[in-house]
Amino acid sequence: MTGEITPIGSIHVSPRAVARIAHQAALESYGVVGLAPKNLMNNLTNVLVKDPMQGVEVHYDGEIVIIDMYIVIEYGTRIKSVASSVANTVKYHVEKALGMPVTQVNVHVSGLRISNWD
Amino acid sequence: MNSESQQAYIKKRQARFRTAPIDGQALKSLIVAGLTWLRTNQEIVNSLNVYPVPDGDTGINMVLTMQAAYNEIAESPERNFGKMIHMVAHGALMGARGNSGVILSQIWRGLARGSDNIGVLDGPALAHAFCMARDTAYQGVVRPVEGTILTVAKDIAEKAHASLTETQDPIEILERVVLEAEQSVERTPELLDVLKKAGVVDAGGKGLFFILEGMLRYINGQSLDTPTASVQSLSKMSLDDTLETIEEGQDYEVVVDFRPHKPLNLQEFYSNLESIGTSIQVGEGEGLYRMHIHVETDKRYEPIDYTMSIGTITKVHIENLIEQMEQIERQANTPSVNIPPLEPGQIAVIAVSPGKGISQVFASLGVAGIVEGGQTMNPSTEDLLDAFEDLPTDKVILLPNNKNIIMAANNAAELTVKKVAVIPTRTIPQGLAAMFRLTPHGDLDAVAEEMNAALDDVDTAEITTAIRSVEIDGVNVKEGETIALFNGKLFTSAKSLEGACTALLEKLELDEYELITLFYGEEVSNHAANLIADGIRASHPMLEVEIQDGGQPHYQFIISFE
């Protein structure tokens with residue numbers, strides 16, 4: 001459901017807007033250092049993207065909202081915990097903003113950033 | 001104890017701690033202390049968690065992370081501080097749970113990175129480690145949110161660093177750090193609006209504070225098992241479960257209701273009570289306070305005298321906990337299932353059972369004792385010994401009914417003077433099949449052999465829910481799916497309970513069997529079990545299908561094929 005019909009007209013939320021919210025939420029998640037381009041063929045893997053549409057995919061299908069996140073994680077954190085925390089945070093923030101349920105948040109860990117070796 | 005003598009006591013404790021170097025083993029004690037104190041105050045941390053719904057249980061997550069850190073070093077004899085703290089960091093990383101756990105693990109990682117080549121901790125090294133912890137923690141996020149555990153890590157690093165101009169003593173630095181952590185936590189609502197709106201402080205920061213404070217309390221010789229001064233509402237004050245926390249020597253429970261003469265200074269009140277006893281709880285409602293404490297026998301009137309000095313007592317309740325405990329144990333030992341008394345000299349069979357319904361079936365077949373336990377709750381060797389040591393016979397047969405319990409059963413057999421045979425039953429149906437071959441007056445070895453032979457008469461299926469996604473034995477399972485195990489091997493999986501039962505039966509050579517018994521677990525209703533049984537009867541008219549209330553946890557069905 002990208003749009004909603006109200007008595008005075010309709011509301012349409014673009015995937016880009018949703019991607020922006022998801023991007024913001026991801027960047028505030030602990031352990032995430034950035035979004036990665038979803039299509040690695042077009043870019044170098046170590047480039048973090050600025051445009052949320054490049055690191056986030058948003059699919060609408062009727063009532064179903066599916067978000068795919070491509071993230072880079074800080075080396076030394078537990079990837080599983082970080083990824084599930086990103087999924088939860090993104091779901092929470094997008095649902096809060098959109099006022100409708102997000103069906104799926106798929107987190108793809110595209111790479112790690114190494115700030116320090118232990 | 002007045003505050004002056006308490007101060008003197010703390011100084012003495014600290015002096016004792018200072019004489020020993022803060023090496024790897026001292027760090028281990030400090031980790032235990034931090035973990036224990038955090039766990040004691042876990043509920044306080046959990047209750048702060050009103051903000052971002054995503055991370056719903058900060059207290060538990062931090063405790064589990066610290067527990068993993070401790071597990072990593074529990075057995076280690078390492079004396080080098082730097083090496084030990086690297087192990088702590090590794091454990092914390094591996095066990096990091098939730099957002100707060102991940103940040104906590106980064107803090108440990110930073111502390112470890114700052115402690116390279118530190119054999120024995122001193123003041124400057126500690127300050128350096130806190131600074132590295134701050135830097136490492138901040139590296140993990142693009143947009144750090146202030147007013148969280150990150151801010152607390154930052155504030156204490158700055159405090160530790162600044163303290164170096166005043167002292168080089170690590171314990172004095174830790175004292176300052178703990179104080180700063182407490183104040184920093186109190187400031188979090190000013191930095192983070194959602195905290196302010198909810199009227200709470202940051203949970204992760206509070207958790208970090210408890211870990212550090214626990215270490216200091218350990219050094220100071222203060223108790224780690226009584227939650228910090230906090231008042232609950234009277235209605236919420238639950239004193240039922242305090243029995244679990246009885247410590248040796250704390251024989252009396254004293255509960256005093258009173259109205260204080262003047263507003264209560266909670267910190268002072270608590271610290272005075274701590275000098276009398278343990279398990280302190282304080283509740284308040286409409287100006288009336290209820291104080292709960294466990295004390296030694298000869299101190300049982302002290303809490304009353306003390307309370308009388310600060311208020312008017314309205315009600316006093318004293319109970320002998322040991323007596324109470326014994327009574328509860330007596331009740332617990334009276335089994336809810338009716339087991340007929342054993343004739344002296346008969347073979348006594350002790351069966352491990354995961355559920356009440358299954359216990360009843362065992363009882364009807366003539367066991368002399370039931371020990372509760374199963375897949376997720378393995379009884380100890382001691383539990384098994386207790387079940388038969390007092391029986392009027394020296395011939396005992398143990399049915400562990402789970403492969404994880406066979407070992408404990410064998411140990412029990414070795415530890416007793418009685419003659420014990422362990423029948424290595426791996427499942428409930430095997431245990432029941434063995435019971436059918438019992439001749440209570442026979443020769444123990446012959447009977448055991450006969451019962452052993454019964455194990456091959458029966459096949460067992462278990463239906464449960466997968467708790468994680470795996471691929472074993474060629475079956476691909478997703479978390480949350482219903483899976484069927486056949487004789488302990490993963491056999492098939494399905495989206496629903498019915499689906500798993502159908503898939504299981506389709507894969508089996510059902511011609512071999514005549515009778516199927518379904519023991520349904522506590523999560524399954526009688527109605528649901530009947531529907532499934534009817535389905536099986538309809539599709540397999542040659543089979544006799546029985547259902548039994550098993551009452552076992554986790555397993556929706558335990559199925560016996562005979």
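Given the structure is predicted, the values throughout are model-derived calculations rather than measurements.

Rules used throughout
Residues numbered from 1 in each chain as written. Chains lettered and ligands numbered in written order. Predicted model: local features only at pLDDT ≥ 70, side-chain atom pairs only at ≥ 80, totals over all residues. Heavy atoms only, no water. Helix = DSSP H or I, 4+ residues; strand = E, 2+ residues; numbered from the N terminus. Buried < 20%, exposed > 50% of the residue type's maximum accessible area, 1.4 Å probe, protein only. Contact = heavy atoms within 4.5 Å. Areas by Shrake-Rupley, 256 points an atom, 1.4 Å probe, with all protein chains shown as cover. Pairing = 2+ DSSP bridges. Axes fitted to C-alpha atoms, helices over the stretch in contact; angles between N-to-C directions. pLDDT = per-residue confidence, 0-100. Core = buried A, V, L, I, M, F, W, Y, C linked by side-chain atoms within 4.5 Å. Expected span 1.5 Å × (residues − 1). Arc of directions from axis to C-beta. Patch = residues over 30% accessible without salt bridge, like charges linked within 9 Å, V, L, I, M, F, W, Y side chains within 5 Å. Salt bridge = Lys/Arg side-chain N within 4 Å of Asp/Glu carboxyl O. Phe/Tyr/Trp six-rings, centres within 6.5 Å; stacked < 30°, edge-to-face > 60°. Lys NZ or Arg CZ within 6 Å of the ring centre and 35° of its normal.

(A) Layout of the overall build of chain B. Looking only at helices and strands, chain B has 21 helices and 17 strands in total. Counting across all 562 residues of chain B, residues that qualify as buried make up 52%. For chain B, the share of sequence-separated contacts (at least 6 apart) that also reach a separation of at least 24 residues comes to 69%. Summed over its atoms, the accessible surface of chain B is roughly 26300 Å², and 50% of this surface lies on carbon and sulfur atoms.

(B) Structural detail: the overall build of chain A. Check the secondary structure of chain A and you find three helices and six strands. Taken from the N to the C terminus, the helices and strands of chain A come in the order β-β-α-β-α-β-β-α-β. Taking contacts inside chain A between residues at least 6 apart in sequence as the whole, the part at least 24 apart equals 66%. Only carbon and sulfur atoms are counted for the fraction: they give 55% of the accessible area of chain A, which is about 6200 Å².

(C) Geometry of the sheet that holds strand 10 (residues 459-465) of chain B. Residue and element names in this part refer to chain B. One open sheet holds the six strands; their spatial order is 14-13-10-17-15-16, and the pairing between them is mixed. Looking at which strands have only one partner, the edges of the open sheet turn out to be strand 14 (489-494) and strand 16 (544-549). The average angle at which neighbouring strand axes cross in this sheet is 20 degrees, direction not considered. Of the strand pairs in this sheet, strand 15 (residues 515-520) and strand 16 are connected by six bridges, and their pairing is parallel. The residue bridging Leu-518 from the neighbouring strand is Ile-547, located in strand 16. Contacts from helix 15 (residues 356-364) reach strand 15, strand 16 and strand 17 (555-561) within the one sheet, and its direction differs from that of strand 16 by about 110 degrees.

(D) Expanded view of unusual backbone geometry. Residues and elements named next belong to chain B. For Asn-117, which is not glycine, the phi dihedral falls at a positive 65 degrees. Assignment of secondary structure puts Asn-117 in the loop between helix 6 (98-113) and helix 7 (123-139). Residue classification places Asn-117 among the exposed positions, given a relative accessible area of 79%. Even without a glycine there, the phi angle at Asn-401 is positive, about 60 degrees. Note on placement: Asn-401 falls in the loop between strand 8 (395-399) and helix 17 (406-415).

(E) Summary view of the confidence of the model for chain A. Across chain A, the average pLDDT comes to 82, with 84% of residues at 70 or higher. Predicted confidence in chain A is weakest over strand 1 (residues 3-6) of chain A, with a mean pLDDT of 68, and strongest over strand 5 (residues 64-74) of chain A, with 91.

(F) Expanded view of the nonpolar core. In this structure, Ile-67, Met-69 and Val-90 of chain A together with Ile-107, Trp-108, Phe-130 and Leu-212 of chain B are the most contacted members of the largest nonpolar core, which totals 95 residues. The contact partners of Met-69 of chain A, leaving out residues within four places of it in the chain, are Ala-22, Ala-26, Leu-35, Gly-55, Val-56, Val-90, Val-105, Asn-106, Val-107 and His-108 of chain A. Counting residues in hydrophobic clusters, the runner-up holds 27 residues, among them Ala-484, Leu-497, Ala-529 and Ile-536 of chain B.

(G) Molecular detail of the environment of Ala-351 of chain B. Residues and elements named next belong to chain B. Relative to the assigned elements, Ala-351 resides in strand 6 (residues 348-353). A relative accessible area of 0% means that Ala-351 is categorised as buried. Residues Ala-351 and Val-367, 16 residues apart in the sequence, show an inter-C-alpha distance of 6.9 Å. What Ala-351 contacts, discounting residues up to four positions off in sequence, is Phe-362, Val-367, Gly-369, Ile-370, Val-371, Leu-399 and Asn-401.

(H) Quick peek at helix 21 (residues 526-539) of chain B. Residues and elements named next belong to chain B. Between its first and last C-alpha, helix 21 extends 20 Å over 14 residues, near the 20 Å set by a 1.5 Å rise per residue. Inspection of helix 21 places Ala-529, Ile-532, Ala-533 and Ile-536 among the buried residues, and these make up the whole buried set. For helix 21, the angular spread of the buried residues around the axis is 100 degrees, confining them to a single face. Exposed residues on helix 21 whose side chains face more than 90 degrees from its buried face are His-527 and Ala-538. Among the structural elements, helix 20 (497-507), strand 15, strand 16 and strand 17 are those in contact with the buried residues of helix 21.

(I) Geometry of a nonpolar patch on the surface. A surface patch of nonpolar side chains, amounting to about 210 Å² of accessible area, comprises Ile-79, Val-109 and Leu-112 of chain A. Within the secondary structure, Leu-112 of chain A is located in strand 6 (residues 104-113).

(J) How the structure looks around the packing of aromatic side chains. Residues and elements named next belong to chain B. Following the criterion strictly, the structure yields eight aromatic pairs over all chains and no others. With 6.4 Å between their ring centres and 80 degrees between their planes, Trp-37 and Phe-210 make a pair best called edge-to-face. Of this pair, Trp-37 sits in helix 2 (residues 24-40) while Phe-210 is found in helix 11 (residues 203-220), placing the two residues 173 residues apart along the sequence. Taken as a pair, Trp-37 and Phe-210 share a single burial class, namely buried. Residues Phe-486 and Phe-491 carry aromatic rings whose centres are separated by 5.3 Å and whose planes lie at 40 degrees to one another, so their mutual orientation is tilted. The pair formed by Phe-486 and Phe-491 is uniform in burial state, with each residue classed as buried. Pairwise contacts between aromatic rings join Phe-258, Phe-269, Tyr-289 and Tyr-306 into one cluster. Across the ring face of Trp-37, the terminal group of Arg-217 is positioned such that the distance to the ring centre comes to 4.1 Å. Its end group placed over the ring of Phe-491, Lys-507 keeps NZ or CZ at 4.8 Å from the ring centre.

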